[in-house]
Structures are given as structure tokens and as C-alpha cells.
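Summary of the model geometry
Each chain, written out:
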Amino acid sequence: MGGGRKRQRTALVTVAGRRFTCLVCGQREFTSREILLNTPGLELFDLAWANRSSLGVICMACGYVHEFVGSAVEFWTTSGGYPPNAA
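Structure report, in brief. (Residues numbered from 1 in each chain as written. Predicted model: local features only at pLDDT ≥ 70, side-chain atom pairs only at ≥ 80, totals over all residues. Heavy atoms only, no water.)

The next point concerns the environment of alanine 16. Mapped onto the elements of the fold, alanine 16 is located in the loop between β1 (11–15) and β2 (18–19). Exposure remark for alanine 16: the relative accessible area of 61% places this residue in the exposed category. Between the C-alpha atoms of alanine 16 and alanine 72, which are 56 residues apart in sequence, the distance is 4.8 Å. (Helix = DSSP H or I, 4+ residues; strand = E, 2+ residues; numbered from the N terminus. Buried < 20%, exposed > 50% of the residue type's maximum accessible area, 1.4 Å probe, protein only.)

The next point concerns the side chain of threonine 10. With respect to the helices and strands, threonine 10 occurs in the segment before β1. Discounting residues that sit within four places of it in the chain, threonine 10 has contacts with Glu29, Phe30, Met60 and Thr78. (Contact = heavy atoms within 4.5 Å.)

Quick look at the nonpolar core now. One finds Val13, Val15, Phe20, Cys22, Phe30, Val57, Cys59, Phe68 and Val73 forming the largest nonpolar core, which totals nine residues. Those elements giving two or more residues to this core turn out to be β1 and β4 (53–59). Here valine 15 is in contact with Phe20, Phe68, Ala72 and Val73, once residues within four sequence places are set aside. (Core = buried A, V, L, I, M, F, W, Y, C linked by side-chain atoms within 4.5 Å.)

Examined against the element boundaries, serine 54 turns out to sit in strand β4. Classification of serine 54 as buried rests on a relative accessible area of 6%. Of note is the side chain of serine 54, whose polar atom sits 2.6 Å from the side chain of glutamate 67. (Polar contact = N/O pair within 3.5 Å; in protein donor to acceptor, adjacent residues only side chain to side chain.)

On to the layout of surface pockets. By rolling a water-sized probe across the atoms, one finds the places where empty space is left. Estimates place the volume of the second largest pocket at around 160 Å³. Lining the second largest pocket are Arg9, Thr10, Ala11, Phe30, Thr31, Ser32, Phe75, Trp76 and Thr77. Those elements giving two or more residues to the lining of the second largest pocket turn out to be β3 (30–36) and β6 (73–77). Class assignment for the residues of the lining of the second largest pocket results in four nonpolar, four polar and one charged. (1 Å grid on protein atoms, 1.4 Å probe; cavity = no way out; pocket = protein on both sides within 12 Å on 5 of 7 lines; lining within 4 Å. Points joined across faces, edges and corners; volume = space filled by probe spheres on them. Nonpolar A, V, L, I, M, F, W, Y, C, P; charged D, E, K, R; others polar.)

Along β1, five of the five residues are buried, which leaves the element largely enclosed by surrounding structure. Residues of β1 alternate between two faces, with Ala11, Val13 and Val15 on one and Leu12 and Thr14 on the opposite face, all of them buried. Examined bridge by bridge, β1 and β2 share two bridges and lie antiparallel to one another. By the bridge assignment for β2, threonine 14 is matched with arginine 19. Counted along the chain from β1 to the antiparallel partner β2, the turn is two residues long, and its residue alanine 16 has a positive phi close to 55°. (Pairing = 2+ DSSP bridges.)

Looking at the element boundaries, phenylalanine 75 is found in strand β6. Considering only alpha carbons, one finds phenylalanine 75 and threonine 14, 61 residues apart in sequence, at a separation of 6.6 Å.

As C-alpha cells, then:
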């Protein structure tokens with residue numbers, strides 16, 4: 001049986017209408033996942049599920065996780081490219 005990681009779907013990202021590249025390596029393809037913003041108080045009372053969350057945008061080349069709160073991040077297919085109005 002083979003081990004290893006499952007292939008994840010990649011996407012291009014814009015933040016506030018601007019093309020986004022990895023701050024570490026300059027790559028432009030990312031995957032994403034939800035990240036819980038845990039606080040000690042809620043952890044103490046076993047209520048971690050009630051914490052807020054952020055969006056983790058993960059570089060497919062180096063694995064660096066860029067973290068965003070809010071709705072400024074948009075995803076675009078790699079085959080379709082960035083929208084024409086993206087700076």
C-alpha cells in the first residue's frame with residue numbers, strides 16, 4: 001500500500017483584488033483550510049469549538065501558511081487564470 005499525501009486541488013488567489021503570491025518563495029498556487037483561533041479561556045472550559053476561525057492559504061511549493069480574517073480573499077482556477085481586472 002502506498003503512503004504519502006493526498007493530492008490537493010490548487011488555486012490562484014487574489015486579496016482585495018490584487019494577485020497574491022507566496023511571501024516566502026513567490027509561488028502563485030495555493031490550497032486552503034480553516035484554522036481555529038483558539039483562546040486559553042475557551043480551551044480551559046473545553047469550548048474550543050466556539051472560537052473564531054481564519055482562512056489558511058497554504059503555498060503548494062514551500063508549505064508556508066498565510067492567514068486571513070475577513071472576506072478579501074478570492075480563489076480562481078489555475079486553468080482559468082486571474083480575472084482581467086486583478087492588479
